[in-house]
Each structure stands twice: as C-alpha cells, then as structure tokens.
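Chain by chain, the residues:
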Amino acid sequence: MAKTTLIIICLNLFSHLLSAQTIDLLLKGGHIIDAKNNINKKMDLAISNGKILKIDANIPESDAKKVLDISGMYVSPGFIDIHTHVFTGPNAGFGHGSSSVKADDFTFRAGVTTVVDAGTSGHKNFSVFKEEVIDRSKTRILSFLNIFGTGMQGTAAEQEDLNVLNIEKAFEINEKYPDIIAGIKIGHYSGSDWKPFDDAAALAQKIKKPLLVECHITAFSLEDQLKHMNSGDILCHAFENVEERMPLVDENKKIRPFVWDARKRGVLFDVSHGGVGFWFNQAIPALKQGFGPDTFGTDMHHNSVNSGMKDMLNLMSKYLNMGMKVEDVLEKGSWSAAKAIKRPDLGNLSPGSVADIAIIKVIDGKFGFLDAGGFKLEGDKKFQAEMTIRAGKIVWDLNGMAGVPWEKP
Ligand SMILES: [Zn+2]
C-alpha cells in the first residue's frame, strides 16, 4: 500500500472517530425549507449541543445518539410570531394581566419557538415583565417596547396619558437589553397629537429597530400614518375590516395606491390576526393582487386563541388554502419574520445557529377556517406541528416520534 493512501485512510478513520456520536439528534429524510440558505429539498439535519451541526444529503446514522425518520415531513426553522401579548399577571387587562397568555402554552404546539410581545410593557413595567415572564419562559420572548411607559393596559385612556411617555427611559431599556428589545410600539392611541407617533418613530430610527404600529390611529388618515412610517416599520392588522379604520383594500377590492407606495418604500405589513384583525374579504383580494403579508404575527391573546385565530399554524394554514405555496408560507413564518425584527441569527438553519426547529406535516382532509368576522373558508389541507425543537431540546412531540415503545424495557 502506498504511503499516501495509508495516510488518507488514517485521516479518514481519525475524522470518523472525531465525528462519531457527536450528533445528539439526527433528523433523517425530511424536506428542509431554509430560505436564508436557499435550501428547498430532502436532506438530513444534525443537531449537536443545542445547535445546528450540519445539513447534508446523507448523514450516517452511526454518528448519532438518536435518529428520527421524518420522511414526508417538512423541516423549517422554528416560527417567529412577531405580534403577541404574553405579559401575564394578576391585573385585569393586558399588561401584567389576565388578557395576556402564557407563551409556552400556545407556541410549541404550533411550531413557534420565538415570540415578540407587542408593547404589552413599557419602560415602567418592563423589569417586571422580564423577571416574571421572559426569564421563566422556554419560548424565546422578545419585546416591542411600548412608547407609553405603562405599556398596554387595554384601555386607550391610560395610553393617552402623555406623562408616561418618556423617550429617554425607553432608550435606556433598549441600551440595557439590546437582545430582548426588538423595536418600539405605538398603538391604541386615539389622541390627535402626532408627537407620540413621531417620537416613537424617531426612537425606532435611533436604535435602528422597527416601529410597530398597532390599530393604526383613528385620528389620522391611513395614508398619513404610512407616510410617517419609515422603511422597516411594521403596520399591524393589515387585512382588518372595521368601521373605525380604513382598510387597505378599497370598495373595488383594489389595494389602495398609497399602500403599494408604502410597501415599495419598505414599510412592512403584518397579519396581526387577533380578535378583529383578519378578514378574508380583505386578505383574499389582496393576495390575488400579489399583496400577501410580510409576516404572520398572530396578535395572540386570551380572546384570539379561542376564536378564528387559534394559533400561528392555523393562520399559516389559512394562507396555504388561499393558494400560497408551502415554502412561501414557511418562509414568512420564519426567515421573513427574523429579518423584520432584524435578527438574522434567528429563522434559519445555518450550521452554528441555535437549533430552533419546527417539523411540519401537511395533512389532507376537510377543514374550515374562520376569520375575525366569523366568515368561513373551506380548505382541504392543514399544517400540523409534529415536533418542535427549542435550542436542541424536543419541546413538543405530537405523536411520540421520539418515544420508546412501552413494551421495551
Ligand atoms: Zn396586539
């Protein structure tokens, strides 16, 4: 045997020994959809130490401590819900209150591994939110900090108290927790002064993060508000149809020209389904004109989880039945959301990234989907979260894929 051949064999053996058993969990045969890395095909994925180790056409099973055959299922980066209310506590209302919901109770079963709280806290109560909720949650919780210091209490009146508006204090919270603060939020504001809106937009620009605008403000026209928003800012409830606010689609079912202009400028549009924020008579004509949402924020709270919204995967299933392709829906649920909150470290499956993963099956059947008005769309397919993995740990396993048969010792 030639000397060089021997050296090559030795090196191969050495590298095999190094890699053997370094994989904690190997997902075999799934259809991987990772928009950031342009992957849309059947591949194996290996997880080690809570991170993605590699994606390859065929990773040997002998290298893994645990192997799961997930043929016929999709593998997506864990979903990111950019609009939730998860600041639970003893108060009535949303902020530190019972109208918020506990993230872990609703996320993993829908493939969601990260949520962004939409301004349920402000600078006055953010520390309570962090200590009591964020630090105790398995779901990664980020925050759009409310420009009003007391956050979102559920009544407009409290938010119109301009005494609790302190831009400097909000700035300090972002400086202290740059990895938790995803942006700034203004919402449910019915004052007629542009100052809070413009201050919030300016602060968002200063910290280079998006402004989230919830329930665009009744005193100002939709057109003006979009003009006051910058590229990367996010408008919520993009497909709502309520009397007090102008819908994006006009009487002739056309997207208003200034809405197209805002999108061209880089303003983003989130579904923010919630209790009243999503109507098929807006969303379907919009989608037909090529105006889909940028992100699938759910506006998850005590009411929406038990009405038409239900969870993020149900919202994504609506879009699947409205004609969007599987890969496009999964991308908007993960990589698009990561980009919107300027967290390119999330929403992808690059080697070295945190192993936040949703394993999704598309099931066929006869299904019905409700919008916020109680109107129904019939559909023949639905996403189902078979397994959710958060930082390499299985946190949801619908059909016990990772379980050992009970008959075995
Ligand atoms: Zn909301």
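The paragraphs below set out a description of the structure included in this document.

Reading the values: the criteria
- Residues numbered from 1 in each chain as written.
- Predicted model: local features only at pLDDT ≥ 70, side-chain atom pairs only at ≥ 80, totals over all residues.
- Heavy atoms only, no water.
- Donors = N, O, S within 2.8 Å, 3.2 Å for Na, K, Ca; no water.
- Buried < 20%, exposed > 50% of the residue type's maximum accessible area, 1.4 Å probe, protein only.
- 1 Å grid on protein atoms, 1.4 Å probe; cavity = no way out; pocket = protein on both sides within 12 Å on 5 of 7 lines; lining within 4 Å.
- Points joined across faces, edges and corners; volume = space filled by probe spheres on them.
- Salt bridge = Lys/Arg side-chain N within 4 Å of Asp/Glu carboxyl O.
- Helix = DSSP H or I, 4+ residues; strand = E, 2+ residues; numbered from the N terminus.
- Pairing = 2+ DSSP bridges.

### Some remarks on the coordination of the zinc ion
Okay, so step 1: In the first shell of the zinc ion, the protein supplies His83 (NE2), His85 (NE2), Glu214 (OE), Glu214 (OE) and Asp299 (OD), at 2.0 to 2.7 Å from the metal.
Okay, so step 2: Every donor residue of the zinc ion comes from the same chain, spaced as H-x1-H-x128-E-x84-D. Neither His83 nor His85 differs from the other in exposure class; each is buried.

### Here's the deal with empty space enclosed by the protein
Okay, so step 1: A full pass over the atoms with the stated rule returns two cavities of 30 Å³ or more.
Okay, so step 2: What the largest cavity holds in volume is close to 60 Å³.
Okay, so step 3: What lines the largest cavity is a set of 13 residues, among which Gly78, Leu346, Gly347, Asn348 and Asp356 lie closest to the centre.

### Quick look at the pattern of salt bridges
Okay, so step 1: In this structure the tally under the stated criterion is 14 salt bridges.
Okay, so step 2: Between Asp356 and Arg140 there is a salt bridge; the shortest N-O distance is 2.9 Å. Taken as a pair, Asp356 in the loop between α12 (335-340) and β14 (357-370) and Arg140 in strand β9 (residues 140-146) lie far apart in primary sequence, 216 residues in all.
Okay, so step 3: Asp356 sits in the buried class, given a relative accessible area of 6%.
Okay, so step 4: Lys185 is the partner of Glu214 in a salt bridge, and the nearest nitrogen-oxygen pair spans 2.6 Å. With Glu214 in strand β11 (residues 211-214) and Lys185 in strand β10 (residues 181-187), the pair connects residues that are 29 residues apart, well separated along the chain. Judged on exposure class, the residue Glu214 and its partner Lys185 are both buried.
Okay, so step 5: Among the ionic contacts, a cluster of salt bridges with common partners joins Arg140, Asp356 and Arg390.

### Quick look at the sheet that holds strand β12 (residues 234-235)
Okay, so step 1: Taken together, the seven strands give an open sheet; going across it, the order is β6-β8-β9-β10-β11-β12-β13, and neighbouring strands pair in parallel fashion. On the outer flanks of this sheet lie β6 (79-84) and β13 (268-269), each paired with one strand and no other.
Okay, so step 2: Pairing geometry for β12 and β13, over two bridges, is parallel. Opposite Ile234, over in β13, you have Leu268 as the bridge partner.

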